[in-house]
Structure formats: C-alpha cells, structure tokens
Amino acid sequence: MASVSAPSQTTPAPTAPLQRGIVKMVLSGCAIIVRGQPRGGPPPERQINLSNIRAGAMARRAAQGQPDTKDTPDEPWAFQAREFLRKKLIGKEVCFTVEIRTALGREYGMVYLGKDTTGENIAESLVNEGLATVRREGIRGNNPEQARLCELEDQAKSSKKGMWSEGGGTHTIRDIKYTIENPRNFVDSLHQKPINAIIEHVRDGSVVRALLLPDYYLVTVMLSGVKCPTFKREADVETPEPFAAEAKFFTESRLLQRDVQIILESCPNQIILGTILHPNGNITELLLKEGFARCVDWSMAVYTQGAEKLRAAERSAKERKVRIWKDYVAPTANLDQKDRQFVAKVMQVVNADAMVVKLNSGEYKTIHLSSIRPPRNEGEEKNKDKDKRFRPLYDIPYMFEAREFLRKKLIGKKVNVTVDYIRAATGPGEGTPAFPERTCATVTIGGINIAEALVSKGLATVIRYRQDDDQRSSHYDELLAAEARAIKNGKGLHSKKEVPIHRVADISGETQKAKQFFPFLQRAGRSEAVVEYVFSGSRLKLYMPKETCLITFLLAGIECPRSSRNLPGGMQVAEPFSDEAMLFTKELVLQREVEVEVESMDKAGNFIGWLHIEGVNLSVALVENALSKVHFTAERSAYYKTLVSAEDACRQRKEKIWANYEEKPVEEVVHVSEEKERVANYRPVYVTEIADTLHFYTQDVETGGQLESLMETMRAEIAAQPPVEGSYSARRGDYCIAKFADGEWYRARVEKVESPAKVHVFYIDYGNREVVSSTRLAAMPPAFSTRTLPAQATEYAFAFIQVPQDEDARADVVDCVVRDIQNSQCLLNVEYSGATCPHVTIQFGDTKDDVGLGLVKEGLVMVDVRKEKHLQKMVTEYLNSQESAKSARLNIWRYGDFRADDADEFGYSR
C-alpha cells in the first residue's frame, strides 16, 4: 500500500502523545498495523502511516468477478521496502505518535522501534536505505525531523542506494502467480520437501494465504489433520463460531508475516493441504493442545509429522477441558480404571469383530473391537439362493478367514484390553435390527493391535464417523493407515481376485449323510477337528477341516449331567452340575484344535468317540473333575481303567456329582470279588528313550525283527526314489518320515509346527523327540505305515515311585536311569494303569534286580504308596528300602526326614 500526500482537510493533533503497541502486520514500506495486548480475547488494532515519506505501492490482484480490472504489479522497490520493515518490526514492540488524522480516519505519525523515541526512527531508516522518498512539498523549514529526512535522502542519492541505484529497479518487481493451473501436479512435484514461505494472511486458525519463495506463488493452505472454528457468512453477515476469533488471533500472533517453511502434503479437490514449520514449534499441534482445533480424519492421513502426536495433543486438551472442549465428556468417563484397562483370557471368537473374554474375577465379558466392521454381504447376494440356509460364517466372503485369523491368534491366550467407548443399545428400526449395549475396545497381544492386524490383511474395514463423534478407537489413525495399505496391496476384501468359497457340508442330524461318512472317519483313526460349539458337557459340534464338514460329536465312555432343553412334553429340567460340566468343556476345548477318534454312531446321525486336546482325553478330564460318571459302554475301550480309577478317586472325595454318594453293601462284595494276587508276568523289552519326566519308552523284543526288516526295506526304497526336498508340508498329527542326525530315515509323527524351519516330531518307534526343518521330512510311504506295523515305542512310568518335583533332584534320577537301562534289554511287568500310560516294574536283564527298588534304596526317590491289596507286598518292600535309605541319610534324605513340614519346598508331597 502506497502512502500519498495527506488531503487538505487534515486535523493536526494538538499534542502528539506517545503511544505503544506490537506490530501485527506491515502493509507496505510506509504503512503498518499495530495491535494492543490481548485481554480476554483478540486485542484492538489500528493502521499507522509513516509521515513525510512515500514508498512504492505493493502489487494488487484484480477484483474477482470484474473482468475489466487487471492485476496491478509491484512498483519498483515496493516489495524490498515492505520486507525491510517486516523483518525489522513484525512481533516487536514499537512506540508511535499520531501527528495527522484525516477526515476519513487515516492516521499519520512517527514510529520508533522500542519503548520510547530514543529507539530507531523507522522512516529515517527507510530513507537512509533508499527504500522511500521524502514528501518535500509539505516541508516546513522549522521542522528538524523533516530536515533530517531530506538530509538522509540526499546521502542515499549520492551513495546510489536502493531506488537511487542505476538500472531503474525493474529487477525488484515480483512476478506473482495468483493461480496454479494444476495444483495437484504442483504439490506432487515438490515431493513433500519443505519450501520457504511468508504467511501473508490468516483466514481462520487453520487456513492461511502463503507466498511461496523464491517463485512468488500465492497459495491458500489448509493445515493437514485439523480444523479450527470458522467465520460463517450468510447474507453478507459474518458470524464467528465459538472461539473462531481467538483461534485466528492465536495463529496470527505466531505466524502472520513470519518466515516459515511449509510442507505441501496433498491436494484433494483443489484444496492444498500442508504443515507449517516454524522454529518455535508446529502450529498444528499447538492449536490442538490449546483447544483451538479438532482432529480431522480425512486430512489426517496425509499429515507427515506423525498423526499420533496430533491425537495426543487433542487428547490433552480434552482432558483439561479447554476452549472448544469445555463441555467435553469422555466416552469412558463413567468407568473405573480397572474396567477401562485390564488383562483377560480369550474364550471364544464370536465373529470377526467380537470375542468373549474371561476376567481375572472369573466373570465373562463380550468385547467388540473398536472402529472396525467385519466382512458383510453387499446388496442382494444374501438372497441369491433362497432354498439354501444362510450361514454367515461360511457364506459371507472372508468371514471365515477373519474368524480363523482371530481364533488361531487369540483362543486361550491372555490379551490386554483397553476400553475405548460403550456403544449404547439401539432399538429396531426400518430394516435395521436391535443391538444390545456394546463394550468396544482395543485388544492387543504381544504389542500387536489385533484390529489393526485384521484390517491390514483385508479381513475387516474401518468405520467412518461424523467429525464430532468421539466414540472411536484410540488407535483410529493406525487403523486407517492399515486399511490404506490393504487397499493398495489388494489384500482380502480389497482383492480383485475371486472370493474364496467354503463348501462346508453340515451333516449333524442328517442320518443318511452321517452313515455314508461314518466309515471314513472310523478308518481315519485320530482326525483333526475344531470345536465350533458346545451344546453340553459331552455334546459338541465339530468342524472337520480335511473333510470340510460339520458333525455332532458325543463323548464316549461317560454319562454327563443333562442340560435343560425343550421337549415335546415341555421343558426338561437341568440335572445338577450340568452347567458346570458345560462350562468346563467350553473352557477346555471351545474353538480349539483337537483330535477325535470316532468309534460309533447313534440313530440320530451323531458320532460317538474320544476327544483329545494337547494330550488330555476330555472324557477322562470330566470324570476326574467329578462332572461325569463312567458309562458301562467304556468297558471295551482302552481308557476304561483310567476312567474307573478317576471315578473312584472322586467318589471317595465325595466331590460335586458324588456329594451325596453313599457306599452300598453290594459294592463291598464286588470289591472283595476283585481282590486278586499280584501277577508277575515279566516280558523282555528294549529300553530306547528316557524322558525328563522319568517316563520311558520301550520296544517289544518279540517284534524287534519285524521293525529291523521294515526299516531296511523302507530305506532301500527311499534310496531308490529319494523324496524331493521341501516338497512335504507338515501338519500336526500327520505321520511322516524324518531324517535323524545319523543321516538315516525313521518313522515319525508331527506334534507341532512353529514354522517350516521348526517342526516338532516324535519318532514313533523309539520314543525320542526332535525339532527339525521341514526339508528333513517327507511323506510316509503307504507300505510302511502304522497299519503295516504299529508304532513300536510304548510309553511307561515307574510303579510305586513319586517323581521328584525339584528339578535338580529329578535330573539326578533321570541321569541314573539313563546310565542303568537306556539302550539295554530289560524285563517289564505292568502293575497298574495311570492317567496317561501304564505303571510298571522293570528288572535288569542279567541280575533280575528291580530298577525302581534300586532308586528307592539309593535315596533318589520317595515311594508312592498304593492302596490296592494285591500290591501291598510290593509296597511294603519299597517302604522298607525307603526306611533304610532314610537311616543312612542317602541323597534326598541327607538332611533327615523333611516330609513333616517342608516337603513342598523340596519338591515332594506325601
């Protein structure tokens, strides 16, 4: 803005009092805007024009909507004069006098840098640098200030400074670009590199007009990731939203006409988004922290300085309830800290965004993952086949994959839960179902955000919210970023490929289908399955992955309390402990991978058999926990003795279903009839492996020749047709062949697959275990399977012996047994059944001495006192040997009889 001669109707100020202010803006080389100090809001401001001088006029853009008007360029040296003042004055305190006030209210005066007139005279500095001319037509001879200006101008002329230099000053005129033809290309061409700029105007707290240097592009920039209250214009009346003026002043007082760097980050819909960097800090974060702005999701994604910093700044303002957040109430404000953050165990995955967890208190709670939406059917796909029953888990694309991802990662694991918000219950509306109240949370395991992992694999999408809706994930930006990656990489729901189809046959209750399927399951022996649903303690629905079908499975060998159910004659009342049995089964097997042995089938098409999970027989576990009774059909099974033993123990303790049990005289007769003499039927075996648990594996000497013959034939066939390395894909429970450290191939079973490089195998003919690479595994040739020759290694435990719990004591025993009997022929006799394997006595092959009795005599173990009458002679012999070891203070008895008060400390229990 150029200064012109003051009009004739001027009012000289009677006395020019000294006034002070802070320079807000420099309009031109001879005009500035001065503001006061803020008090409860933006301060007053006024324009001061410098007396007695004239500087060049700044460029001006043509009026919008008036085609006749043209852009006015800079006058020579105008921009340099403005810059000289801007760098000297912006944000600084000045003092000034108003000498003349025109009829239109325009004020002219003298401006000094600092608090009084001893400071630098701004007009004199401009004239001295040759950036302004003196208005000599109004000079009065007796005015020393004017005389001083004339003198300085003459000096500048003689020194050829500024506008007095040769060349006319055309090189000082800027080529300002008010518009950019293709803003997106322009922004992309800068590659998000910081560019120098001057902030020329602040429209509101988050929108500025910036002059980009050195090419003089004048652009409007909106701050990425945030939005401040704005000034709404209706019918030429501008109405500020609450805190709009304060936010604008906050940005103005820090950035207006400051030298900054701007990162232009994106340009959606011709709007340039950017971040302004100033040596004193990031204005975007400051606005949020002081409660002048809120985060904006759509532009947050392009913010390059760390979206989490913006969320943290906004969170800080919300917690302090400052400015726009003065009435803010947090979504979890009504929750105690213990209900807001807790550790829980995942018991069930309900679908791709919900799970049931068990709290430390034992309470069950349904948790929904915050801000994500599981896969769902689009449009009318749901109604394509009206004759077919709709099953969301299998019929909605990627729902099964999403559920499986969560199931494999979470079931039975402890997770950290941070509640983000409680979604209130909603009633049914037109076309929308009713939803109960939902607890929505961020769930992490091992530092991994489960929702983020699900979204990044394209197995869920992120919910979009209204800008003022704070009920969202505390890691919402990470979810959006994960979704963007999934879309870019074409993962899951965002894939262009055909959607995976799961043809799962549900044969539960389908008698004919079950009959056709039964022989396959029966012949398969142990089959892999996933427990999909638990109807009661002993009735489950299983998914068979190899056969891709659903079956109803009943546990064999037990009689479990029945749950309540609807029958044609009315409701059947639940039997005592039915709920406890169902809960026990749910906690142990629901949605876990299990192995099943199908033995028979009932009339309704339900399969009956044994279910194993991590070495535990579920039927046995229910009986051991006094939640089931043994059924007479178990008599013909291999697990009968274990079941009866467990049932007897519970019956004696009168636990749960046996609480009201009273022994009947009849049972005494039975008990007497079962009394028998100990049978000593020792047979020769070869001990191949001693486990750390003191269990050991043996081969039957009688079948040893068959095993050697089979091994020779198998190795000859493998040598003739070697397996392709890496062609075998290991799966838990599969039989295979494995190359041992000696370079030979042996029969094995896969127990666990950590990765292709770490496969846990069990050598079925020798009893040892090893972790190998899948490159050392191959498919077992059918001619050498367990049908041709059963697994030769049989597991046993020592009878009448307590295995020490103390690791050092146990290691001593194991070392002793390894030295004595490993890789040697011994004699073995089965004494009684155990929970996992038979308990036996074993004799040295040459001396016929009892190995277990020898351990007792050396004071390495304690005696496990059995109650059976036919074993009492053996038990007495063992106890006498224990007393001898105790008297001699051997090994564990070296400190005397410790059992009275500190058995637990030494790892023993009586």
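Please read all numbers here as calculations on a predicted model, not as lab measurements.

Check the secondary structure of the protein chain and you find 23 helices and 49 strands. In terms of C-alpha radius of gyration, the protein chain reaches 44 Å, well past the compact-globule figure of 29 Å for 910 residues. Dimensions of the protein chain, computed from C-alpha atoms along their principal axes, come out at roughly 140 × 70 × 65 Å. Here the contacts in the protein chain between residues at least 6 apart in sequence split such that 63% fall between residues at least 24 apart.

This next bit is on the sheet that holds strand β43 (residues 769–772). One open sheet holds the five strands; their spatial order is β43-β42-β41-β40-β44, and the pairing between them is antiparallel. Both edges of this open sheet fall to β43 and β44 (777–779), since each of them pairs with a single strand only. Across the sheet, the mean angle separating the axes of adjacent strands is 45 degrees when strand polarity is ignored. Where strand β42 (residues 758–763) meets β43, four bridges bridge the pair, whose relative direction is antiparallel. Counterpart to F762 in the pairing with β43 is R769. The sheet contacts of helix α19 (residues 704–720) involve β40 (735–739) and β41 (745–755), and relative to β41 the element is tilted by about 70 degrees.

A word on the environment of L213. Mapped onto the elements, L213 comes out in the loop between β10 (207–212) and β11 (217–223). The exposure class assigned to L213 is partly exposed, which follows from its relative accessible area of 24%. Separated by 16 residues in the primary sequence, L213 and A197 place their C-alpha atoms 5.3 Å from one another.

Turning our eyes to something else, we now look at helix α20 (residues 807–821). Given 3.6 residues to a turn, an α-helix orients residues that are three or four positions apart in the same direction. Between its first and last C-alpha, α20 extends 21 Å over 15 residues, near the 21 Å set by a 1.5 Å rise per residue. Every buried residue of α20 is listed here: A809, V813, V814, C816, V817 and I821. Taken down its axis, α20 places every buried residue within 160 degrees of arc, on the same side. Facing away from the buried side of α20, by more than 90 degrees, are the exposed residues E807, D808 and R819. Those residues of α20 that are buried lie in contact with β38 (683–690), β45 (794–798), β47 (825–832), β48 (839–844) and α21 (851–857). Looking one or two residues past α20, N823 carries a phi angle of roughly 60 degrees, positive in sign.

Once that is clear, we can look at the domain arrangement of the protein chain. On domain assignment, one finds that the protein chain holds domain 1 (18–172), domain 2 (183–233 + 240–325), domain 3 (337–376 + 393–427 + 436–494), domain 4 (505–658), domain 5 (698–791) and domain 6 (799–909). Computed from C-alpha atoms alone, the centre-to-centre distance between domain 4 and domain 6 is 37 Å.

Core analysis: the largest hydrophobic core is formed by 40 residues, its most contacted members being M355, I367, L369, I372, L410, V443 and L454. At the level of secondary structure, the elements contributing two or more residues to this core comprise β19 (341–351), β20 (354–358), β21 (364–369), α11 (399–410), β23 (414–423), β24 (438–445), α12 (450–456) and α13 (476–489). Not counting residues up to four positions away in its chain, the partners in contact with L369 are A352, D353, M355, A441, V443, I450, A451 and L454. Grouped together as the second largest cluster of nonpolar side chains are 39 residues, I195, V260, L264 and Y303 included.

In the sheet, β20 pairs with β21 via five bridges, with the strands oriented antiparallel. Bridge pairing links K358 to Y364 in β21. Connecting β20 to the antiparallel partner β21 that follows it, the hairpin turn spans five residues, and G362 within it adopts a positive phi of roughly 95 degrees. Pairing of β21 with β24 involves two bridges; the strand directions are parallel. Looking at the pairing, L369 lines up with A441 of β24.

Here five strands make up a closed barrel; going around it, the order is β38-β39-β45-β48-β47 and the pairing mixed. Between one strand axis and the next, the sheet turns by 60 degrees as a mean value, whatever way the strands run. When strand β39 (residues 696–700) meets β45, the two strands line up antiparallel, connected through three bridges. Note on β45: the bridge partner recorded for F696 is Y796.

We now examine the UniProt feature "domain: TNase-like" (unreviewed entry) in the protein chain. Within this numbering scheme, the UniProt entry marks residues 17–166, 193–327, 340–496 and 525–660 as carrying the feature "domain: TNase-like" (unreviewed entry). From the first C-alpha to the last, residues 193–327 spans 39 Å; its make-up is 27% helix and 39% strand.

This part covers the packing of aromatic side chains. Across all of its chains, the model carries 21 aromatic pairs by this definition. Both rings, one in Y394 and one in F400, keep their centres 5.7 Å apart while their planes meet at 35 degrees; by these two values the pair is tilted. Assessed through its relative accessible area of 8%, Y394 is described here as buried. For the pair F696 and F798, a centre-to-centre distance of 5.1 Å together with 55 degrees between the ring planes defines the contact as tilted. Here F798 lies in strand β45 and F696 lies in strand β39, a separation of 102 residues in the sequence. Here F696 and F798 have matching classes, each one buried. Aromatic rings pair up to connect F740, Y746, Y763 and Y766 into one cluster. Positioned over the ring face of Y476 is R472, at 4.8 Å from the centre of the ring. One cation-aromatic arrangement involves R539 over F535; the distance from NZ or CZ to the ring centre is 5.7 Å.

What counts, and at which threshold
Residues numbered from 1 in each chain as written. Predicted model: local features only at pLDDT ≥ 70, side-chain atom pairs only at ≥ 80, totals over all residues. Heavy atoms only, no water. Helix = DSSP H or I, 4+ residues; strand = E, 2+ residues; numbered from the N terminus. Rg over C-alpha atoms; globule rule 2.2 N^0.38 Å. Contact = heavy atoms within 4.5 Å. Pairing = 2+ DSSP bridges. Axes fitted to C-alpha atoms, helices over the stretch in contact; angles between N-to-C directions. Buried < 20%, exposed > 50% of the residue type's maximum accessible area, 1.4 Å probe, protein only. Expected span 1.5 Å × (residues − 1). Arc of directions from axis to C-beta. Domains from an automatic or database assignment. Core = buried A, V, L, I, M, F, W, Y, C linked by side-chain atoms within 4.5 Å. UniProt positions renumbered as here; feature names shortened; annotations may be inferred. Phe/Tyr/Trp six-rings, centres within 6.5 Å; stacked < 30°, edge-to-face > 60°. Lys NZ or Arg CZ within 6 Å of the ring centre and 35° of its normal.

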